[in-house]
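Structure at a glance
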Amino acid sequence: KAGVTQTPRYLIKTRGQQVTLSCSPISGHRSVSWYQQTPGQGLQFLFEYFSETQRNKGNFPGRFSGRQFSNSRSEMNVSTLELGDSALYLCASSPAQGGLSTEAFFGQGTRLTVV
Amino acid sequence: DQQVKQNSPSLSVQEGRISILNCDYTNSMFDYFLWYKKYPAEGPTFLISISSIKDKNEDGRFTVFLNKSAKHLSLHIVPSQPGDSAVYFCAASLMNRDDKIIFGKGTRLHILP
């Protein structure tokens, strides 16, 4: 079956702009989690969506938001971009809530560069 | 304050030898630990996990050891193969609580020919 698809793969934005990233989970998976990966901080949890509801949220400012649609696809939005938002954004798909504890599948990520 | 620490940013091991990747954690409430492997331009892939009721879990060439008293876990790869060259992330969590999953910063493993 098809894996987790994230689009776009690469993105360059300027400070102050906003950006929307997309994640299509594995068919049948209802949980989508988002992570930010930077060299300095490693992988950090952003939020998890399950059945269109945000179930858990990490320690990120309100500029980071997301949503999940009825087909389980998820989008992540970052408003008022800052240079420090430059990172690889990964989404993980899982059949159940509490995804990473049950071994989720990651997408290839979206590399965001803020200039 | 880092709750999950991988103190070695990189490690080089001869092909065929044992690779040992280490991870320390500070929160004694963590009860589930995972290792992920990441190749460049790909997302992390799940490798192996262990719950706090065990001290060892084995899957083929990969074995994870957990020392709860020392708050330390390690991943052993035996024998190391060229395809094992990747970044390895250790993660700790409370079971079924994604908001409590904390990752280490990763260790880059180089397998030398």
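The preceding data block contains the structure.
Now for a description of the structure that goes with this document. Quick caveat: nothing in here was measured; it's all calculated off a predicted structure.

Moving on, we get to the sheet that holds strand S7 (residues 62–67) of chain B. Residue and element names in this part refer to chain B. Here we have five strands laid out as an open sheet, ordered S1-S3-S8-S7-S6, and antiparallel in their pairing. Bordering the open sheet on either side are strand S1 (4–5) and strand S6 (56–59), each of which pairs with just one other strand. The sheet contact formed by S1 and strand S3 (residues 19–25) spans two bridges and is antiparallel. Note that in S3 the partner of Lys5 across the bridge is Asp24.

Applying the stated criterion across every chain yields a total of seven salt bridges over all chains. What you see here is one network of salt bridges that share partners, running through Arg63, Glu82 and Asp85 of chain A.

Before going further, it helps to examine the environment of Ile102 of chain B. Residues and elements named next belong to chain B. Relative to the elements of secondary structure, Ile102 occurs in strand S10 (residues 97–103). Since its relative accessible area comes to 25%, Ile102 is described here as partly exposed. In this structure, the C-alpha to C-alpha distance between Ile102 and Ser12, residues 90 residues apart in sequence, is 25 Å. Residues in contact with Ile102, not counting those within four places in the same chain, are Gln3, Val4, Phe30, Cys90, Ala91 and Ala92.

A word on the state of the cysteines. As enumerated under the stated definition, the model contains two disulfides over all chains in all. Disulfide pairing is shown between Cys23 of chain A and Cys91 of chain A; the S-S distance is 1.8 Å. In this structure, the disulfide formed by Cys23 of chain A and Cys91 of chain A twists by about 45° around the S-S bond and is classed as right-handed. Separated by 68 residues along the polypeptide, Cys23 of chain A in strand S3 (residues 19–24) and Cys91 of chain A in strand S9 (residues 87–94) bring together distant segments of the chain. Taking relative accessible area as the criterion, Cys23 of chain A reaches 0% and is therefore assigned buried. We classify Cys91 of chain A as buried; its relative accessible area is 0%. A sulfur-sulfur distance of 1.9 Å marks the disulfide that ties Cys23 of chain B to Cys90 of chain B. Here the S-S torsion is close to -65°, and the disulfide linking Cys23 of chain B with Cys90 of chain B is therefore left-handed. Taken together, the residues span a long stretch of sequence, with Cys23 of chain B in strand S3 and Cys90 of chain B in strand S9 (residues 86–94) at a distance of 67 residues. What makes Cys23 of chain B buried here is its relative accessible area of 1%.

Looking now at the packing of aromatic side chains. Counted according to the given criterion, the structure contains 10 aromatic pairs over all chains. Between Phe47 of chain A and Tyr49 of chain A, the ring centres sit 5.6 Å apart and the planes meet at 70°, which makes this aromatic pair edge-to-face. Judged on exposure class, the residue Phe47 of chain A and its partner Tyr49 of chain A are both buried. Geometrically, the ring pair formed by Phe106 of chain A and Tyr36 of chain B is edge-to-face, given 5.4 Å between the ring centres and 90° between the ring planes. With Phe106 of chain A in strand S10 (residues 105–106) and Tyr36 of chain B in strand S4 (residues 32–38), this pair bridges two chains. Classification of Tyr36 of chain B by relative accessible area gives buried; the value is 0%. Clustering of aromatic rings is evident, with ring pairs tying together Tyr35, Phe45 and Phe106 of chain A together with Tyr36, Phe46 and Phe103 of chain B.

Residues and elements named next belong to chain A. Taken in spatial order, the four strands make up an open sheet running S1-S3-S8-S7, and their pairing is antiparallel. Of all strands in the sheet, those with a lone pairing partner are strand S1 (5–7) and strand S7 (64–68), marking the two edges. Averaged over all pairs of adjacent strands, the angle between their axes in this sheet comes to 20°, without regard to strand direction. Of the strand pairs in this sheet, S7 and strand S8 (residues 74–78) are connected by five bridges, and their pairing is antiparallel. Each bridged residue has a counterpart across the sheet, and for Arg67 the counterpart in S8 is Glu75.

Residues and elements named next belong to chain A. The buried fraction of strand S5 (residues 42–50) amounts to eight of the nine residues, a majority that puts the element mostly inside the structure. As paired strands, strand S4 (residues 31–38) and S5 are joined by eight bridges and run antiparallel to one another. Along S5, the bridge assignment pairs Gln36 with Gln44. Connecting the antiparallel pair S4 and S5 is a turn made up of three residues.

Thresholds applied
Residues numbered from 1 in each chain as written. Chains lettered and ligands numbered in written order. Predicted model: local features only at pLDDT ≥ 70, side-chain atom pairs only at ≥ 80, totals over all residues. Heavy atoms only, no water. Pairing = 2+ DSSP bridges. Helix = DSSP H or I, 4+ residues; strand = E, 2+ residues; numbered from the N terminus. Salt bridge = Lys/Arg side-chain N within 4 Å of Asp/Glu carboxyl O. Buried < 20%, exposed > 50% of the residue type's maximum accessible area, 1.4 Å probe, protein only. Contact = heavy atoms within 4.5 Å. Disulfide = S-S within 2.5 Å. Phe/Tyr/Trp six-rings, centres within 6.5 Å; stacked < 30°, edge-to-face > 60°. Axes fitted to C-alpha atoms, helices over the stretch in contact; angles between N-to-C directions.

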